[in-house]
Amino acid sequence: MRVVRAEERYRGGDPSAGIESWHALSFGRFYDPDNLRFGAVLACNEERLAPGAGFGEHPHSHTEIVTWVAEGELTHRDSAGHATVVRAGDVQRLSAADGVRHVERNDAELPLVFVQMWLAPLEPGGEPGYEIVRGIADSTPYALPQAGAMLHVRRLREDERAAVPDAAFVYVHVVRGRARLDGEELGPGDSARITDAEGLDVTGGPAEVLLWEMSGRL
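Here the structure is a predicted model, which is why all the values come from computation and not from measurement. Residue numbers restart at each chain and count upward from 1, following the sequence in its written direction. Since the coordinates come from a predicted model, pLDDT governs what is reported: local features require at least 70, and pairs of side-chain atoms require 80 or more to be given and counted, while whole-chain, interface and lining totals use all residues. In computing side-chain values, all of the structure's heavy atoms are included and hydrogens and water are not.

Draft legend 1. Seen up close, the sheet that holds strand β12 (residues 129-133). Two strands form a pair only when DSSP identifies at least two bridges running between them. Starting at the N terminus, helices and strands are each numbered in turn, a helix being any DSSP run of H or I of at least four residues and a strand any DSSP run of E of at least two. Across the sheet, 7 strands lie side by side as β2-β3-β4-β11-β6-β9-β12; this open sheet has antiparallel pairing. The open sheet is flanked by β2 (10-14) and β12, the only strands paired with a single partner. Along the sheet, successive strands turn relative to each other by an average axial angle of 20 degrees, direction set aside. The pairing of strand β3 (residues 19-23) with strand β4 (residues 41-49) spans 5 bridges and is classified as antiparallel. Paired with W22 across the bridge in β4 is E46. Interaxial angle, 0 to 180 degrees, is taken between N-to-C directions of lines fitted to C-alpha atoms, where a helix line uses only the stretch in contact.

Printed below as a string of C-alpha cells:
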C-alpha cells in the first residue's frame, strides 16, 4: 500500500480566476513519469471553484470521467447535448470515447468542491456516453464496466468499520473527515493505492471515503 498525502499533490488551477486544483497523479504540466496512473485511474483531481468560476469548453477523448461533488453544485454542459446540475451525493459519468467537449462551472452563489476521477477504458473509441445517478447510497456501488472498475462510497460514522473490496487494485480517496486503513491515519485529500487488496477494513469517522475497486485487466 502506498499512501499519498494531501500536501504531496500537485497544486494547479488559477487562483486569480477562482480555480484551485489539487492533482494526486501526474497531470497536465505536472508530468511525473513515476506517477502516471494506478490501475485504471489516470487522474484524481480535487477542484475548488468560487461562485461564477469554471472551466470553459474543452475536449476529452478515450477517457471515463467520473465526478463526485463534495460541496455546492456543479453545472455541466457537453457537446452531446447534456445539461445538468450535479449536487452532493450524485455520481456523474462522462464517457469521452472518440471525442466530446464539455463545460464545467459553478453557477451557484456558494463555493463548489468536487473530486473528478479519470479512468482508462478497456477499449478505446466508440460513441460518447453520459449518466448521472442521484443520491447514491453506501450500499449501492456504482459499476463502471467500461473501465473494469466499481466505485464504492463509504460514509463512516464514528468508529464505524467498512470492508475494503478484495481486488487486484483499490484506490482510496478521503473526501472529508479522518479514517484509518491498515494502520495508517488518513485525512481529507489523502489517498491510498493498494495492490492485491485482501481482508482490509477502513475505520474511523465521521468521514466520507471513495474507493475504486479495479480488476487486473488493464
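Text resumes after the structure shown.
Draft legend 2. Region of interest: the side chain of H102. Along the polypeptide, H102 turns up in strand β10 (residues 100-105). Any pair of N or O atoms that falls within 3.5 Å is considered a polar contact. Within protein, one atom must be able to donate a hydrogen and the other to accept it, and sequence-neighbouring residues count only if both atoms are side-chain atoms. At 3.0 Å, the side chain of H102 forms a polar contact with the side chain of H58. Side chain to side chain, H102 and H60 meet in a polar contact 3.1 Å long. In what follows, a contact means two residues having at least one pair of non-hydrogen atoms within 4.5 Å. Filtering out sequence-adjacent residues up to four positions away, H102 remains in contact with G56, E57, H58, H60, H76, R77, D78 and L94.

Draft legend 3. The arrangement of the pattern of salt bridges in detail. One side-chain nitrogen of Lys or Arg within 4 Å of one carboxyl oxygen of Asp or Glu is enough to make a salt bridge. Inspection of every chain in the model, using the stated rule, returns 16 salt bridges. In this structure, R9 and E46 form a salt bridge, with 3.2 Å as the shortest nitrogen-oxygen distance. Of this pair, R9 sits in the loop between β1 (2-4) and β2 while E46 sits in strand β4, and the two are 37 residues apart along the sequence. Accessible area is worked out with a 1.4 Å probe on protein chains only. A residue is then buried under 20% of its type maximum, exposed over 50%, and partly exposed in between. R9 sits in the buried class, given a relative accessible area of 11%. E46 sits in the buried class, given a relative accessible area of 8%. One salt bridge in this structure joins E46 and R48, with 2.8 Å as the shortest N-O distance.

Draft legend 4. How the structure looks around the pairing of β4. Counted residue by residue, β4 has 7 buried out of 9 residues, so it is predominantly covered. By the bridge criterion, 8 bridges tie β4 to strand β11 (residues 112-119) in an arrangement that is antiparallel. Across the sheet, N45 pairs through a bridge with Q116, a residue of β11.

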